[in-house]
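Residue strings, one per chain:
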Amino acid sequence: MPESYTANDLLNAIASASKTLSERKDEINRLNVFPVPDGDTGTNMSLTLETVVENLAHLPIGAGSAEIRKAITTGALMGARGNSGVITSQILRGLCEGSVGYDALSTESIDSAFSHAVEVAFQAVRKPVEGTILTVLRDSAAAAKHARKKKFSVDEALEAVVTGAYASVQRTPELLPVLKENGVVDAGGYGLAIFLDGVVAALTGKEGPLGDELAFARSTMPKVEIEQVNDWEGSAFRYCTEFLVHSDTVDEEAAKDFLTTGGDCDLMVGMHPNFKVHVHTNRPDEVLGWFLNHDSQISEVHIHNMQLQSAARSEGLAADEQTARKPLGFVAVAAGEGNAKILKSLGVDVVVSGGQTMNPSTKDLLDAANEVNADAVIIMPNNKNIIMAAQSACGLSEKPCAVVSTTSVPQAFSALFGFDEEASLDENVEAMTEAYADVRTGEVTHAIKDSKDAHDNPIKDGDVIGIADGAIESVGTDVSDVVMDLLAHMDAADADTCTILAGEDFDDAAFDALVERIESAFDDLEIDAHRGEQPLYPVVLSVE
């Protein structure tokens, strides 16, 4: 294997490694366990390196080593995104500065470059934490130093660095408790190992030597739930603020001292006249104002609301988990955004829009069953008029499919509580059917023509009617009055719980008043109230 690498070889290797990191950024992002996502580690690192590659692409053919080093350090500084991106930029700066004075790649130049990278990167972080990208960098440098002492060949030294990086990544959970608690390795350290692996693989023509040994990190992709809370308890600071500072005179130490007073995760890297600033703060305006008031110009300002980032990331993780292949999935029919949201929170994979006035077809249900990424599917029609279509869809499905014949959304709620992920399809159909057997459903709507109720009493067009399990039991002119009468017909006094869903035309004030009225009338009845947002039916309820 040749070990005399040209500058062009190195440029192509960096570009190849950047591409690899970009392709695997989502994999790295999934390892991020901290409650402040600060963007995503893989995304930030890949964007930083993409800017480096863009800078290198603009170099003239035959550019010298000094031009190449400047293109790398400038591109990394200007393109650094997030905490991980800024630290990556300093690692690259250190590697470049540490290789000055060496005309060719050698074990000596590799050792020098990594030793200096450790020095620069650790200086950039005021409070280094073990078990992070800094630890992986330091262990990689130690591997380079060992290779130099043992007089390894260049290829052997490069592979030793990659081996050291991956081994260090595997140790990060032992150094950082939050990683061990969540069963993951450090995202930034893993990203660095992938990048080094990519560079070395491109140079030597070999695959990364330890690729398969990190299968737990690469393939299982642990999913960490980041709890979303309204008062953002995950961090004392809300805004991730980063920007470039251009100044020949700004006092670097004074600036760093200021940054510590108004936030955390603060970094200021670079040198006169160009710096990169990153900080988490509640007052980005004050941070920007400080530099503007100290003879500085600013550019490339990025301010991210980390609370919103956390919410988006949690939704993404939930979506990932829902799309993962599983033994048994669910399709349910429902009208109303609120009802759909509740069903999905209970484990339904696909909600088909439909109800009393819009019954989905067999094809609609079959398409939904095919969309579910599961070995088998249960369909809950939630309307007696949809049961036959659901059965037909199951008969046409290429995957095992069965119907749990719910006739209302509240019945589906109860049925889902009977699901056992360890049980078979048939066993779950039986258990879920039994789970909703005692659920009585009530529906309140308006009559669209003259008719008679279950007791042969007249109904006029426009009357409010209450339907209990398919029979019109109550007639009146006020929704709340009809609900109370309907509950009496449904023996609510003998029930334990009542689920009540507000329709899209039943406003919050009326809904709250109704819930209070039910609580006053039925002391021992537990009320579970939600906005179902179903059309045409101001109230849908159930008792059990």
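A brief report on the enclosed structure follows. Keep in mind that this is a model prediction, so the values were computed, not measured. Numbering of residues begins from 1 in every chain and follows the order in which that chain's sequence is written. In keeping with the predicted nature of the model, local features appear solely for residues at pLDDT of at least 70, side-chain atom pairs appear and are counted solely at 80 or more, and the whole-chain, interface and lining totals rest on all residues. Heavy atoms from the whole structure form the basis of all side-chain values; hydrogens and water molecules are not counted.

**What to know about the nonpolar core**
This is how the line gets drawn: What we call a nonpolar core is a set of buried Ala, Val, Leu, Ile, Met, Phe, Trp, Tyr and Cys residues that are connected through their side-chain atoms within 4.5 Å. Classification of residues uses two cut-offs on accessible area relative to the type maximum, computed with a 1.4 Å probe and protein chains only: under 20% is buried, over 50% is exposed, and between them is partly exposed. Segments assigned H or I by DSSP are reported as helices when at least four residues long, segments assigned E as strands when at least two residues long, and all are numbered from the N terminus. Note on contacts: a residue pair qualifies if any of its non-hydrogen atoms lie within 4.5 Å across the two residues.
Core analysis: the largest hydrophobic core is formed by 65 residues, its most contacted members being Leu56 and Phe114. Ranked by residues supplied to this core, first place goes to helix α10 (residues 187-204) with 10 residues. Among all residues touching Leu56, those that are not within four sequence positions of it are Leu11, Ile14, Ile68, Ala71 and Ile72. Counting residues in each nonpolar core, the second largest holds 27 residues, with Ala334, Met380, Met432 and Tyr537 among its members.

**With respect to the packing of aromatic side chains**
Describing an aromatic ring pair means giving the distance of the ring centres and the angle of the ring planes. Applied cut-off: Put simply, two rings from Phe, Tyr or Trp (the six-membered ring, in Trp's case) pair if the centres are within 6.5 Å, and we call them stacked under 30 degrees between planes, edge-to-face over 60, tilted for the rest.
Going through the model one piece at a time under the given rule, you end up with five aromatic pairs. Considering the side-chain rings of Trp290 and Phe291, the 5.0 Å spacing of their centres and the 75° angle between planes classify their relative orientation as edge-to-face. No difference in accessibility class separates Trp290 from Phe291, as the two residues are buried. Their ring planes at 70° and their centres at 6.3 Å tell us that Phe506 and Phe511 sit as a pair that is edge-to-face.

**With respect to a negative patch on the surface**
Keep this limit in mind: To count toward a patch, a residue needs a relative accessible area over 30% and no salt bridge; like charges are then connected within 9 Å, while nonpolar side chains (Val, Leu, Ile, Met, Phe, Trp, Tyr) are connected within 5 Å. Every accessible area reported is derived by Shrake-Rupley at a probe size of 1.4 Å, with residue values counting cover from the shown protein chains alone. When a carboxyl oxygen of Asp or Glu is within 4 Å of a side-chain nitrogen of Lys or Arg, the pair counts as a salt bridge. Positive charges are assigned to Lys and Arg, negative charges to Asp and Glu, while His and the chain termini are left out of the count. To locate a charge, take NZ of a lysine, CZ of an arginine, CG of an aspartate or CD of a glutamate.
Among the surface-exposed residues, Asp420, Glu421, Glu422, Asp426, Glu427, Glu430, Glu434, Asp438, Asp496, Glu526, Asp528 and Glu544 lie close enough to one another that they form a single negatively charged patch. Secondary-structure elements contributing two or more residues to the negative patch are α19 (425-435) and β15 (526-531). The element best represented in the negative patch is α19, accounting for four residues. Tracing the backbone shows Asp438 in the loop between α19 and β9 (440-446). Here Asp438 falls in the exposed class, since its relative accessible area comes to 64%.

**Here we look at helix α12 (residues 252-261)**
Definition in use: To obtain the arc, one takes the directions from the helix axis to the C-beta atoms. Polar contacts, as used here, are pairs of N or O atoms within 3.5 Å; protein pairs need one atom able to donate a hydrogen and one able to accept it. Residues neighboring in sequence count only if both atoms are side-chain atoms.
Three or more residues of α12 are buried, namely Ala255, Lys256 and Leu259. Take α12 and look down its axis: the buried residues cluster within an arc of 100°, on one side only. Considering only its buried residues, α12 is in contact with β2 (263-271), β3 (274-281) and α13 (284-292). The opening residue of α12, the one whose side-chain oxygen lies 3.1 Å from the backbone nitrogen of Glu253, is Asp251.

**Some thoughts on the packing of helix α1 (residues 7-23) against α10**
Where we set the bar: Helix axes are fitted only over the stretch in contact, all axes being lines through C-alpha atoms; the angle between N-to-C directions runs from 0 to 180 degrees. Roughly parallel here means an angle under 35 degrees, roughly antiparallel means over 145, roughly perpendicular means 65 to 115, and every remaining angle is called oblique. Helix crossings get a hand from a simple test, with the near helix turned counterclockwise from the far one by less than a right angle marking a left-handed crossing and a clockwise turn marking a right-handed one. When residue character is reported, Ala, Val, Leu, Ile, Met, Phe, Trp, Tyr, Cys and Pro are called nonpolar, Asp, Glu, Lys and Arg charged, and the others, Gly included, polar.
Remark: α1 packs on α10, axes separated minimally by 8 Å, with the N-to-C direction vectors making an angle of 140°. Taken together, the axis directions place α1 and α10 in an arrangement best described as oblique. In this structure, α1 meets α10 at a crossing whose hand is right-handed. Note on element contacts: α10 touches α1 through Gly191, Ile194, Phe195, Gly198, Val199, Ala202 and Leu203, opposite Asp9, Leu10, Ala13, Ile14, Ser16, Ala17, Ser18, Thr20 and Leu21. Here the residues of the contact of α1 with α10 sort into 10 nonpolar, five polar and one charged.

**Quick notes on helix α21 (residues 508-521)**
Since the α-helix packs 3.6 residues into each turn, any two residues three or four apart lie on the same face. Quick note on the threshold: Helix span, expected: 1.5 Å multiplied by one less than the number of residues in the helix.
The terminal C-alpha atoms of α21 lie 20 Å apart, and with 14 residues this matches the ideal 20 Å at 1.5 Å per residue to within 8%. For α21, the full list of buried residues reads Phe511, Leu514, Val515 and Ile518. The arc that holds every buried residue of α21, seen down its axis, measures 100°, which confines them to one face. Pointing more than 90 degrees away from the buried face of α21 are the exposed residues Ala509, Glu516 and Ser520. Turning to α21, the residues buried within the fold contact α20 (479-489), β14 (497-502), β15 and β16 (539-543).

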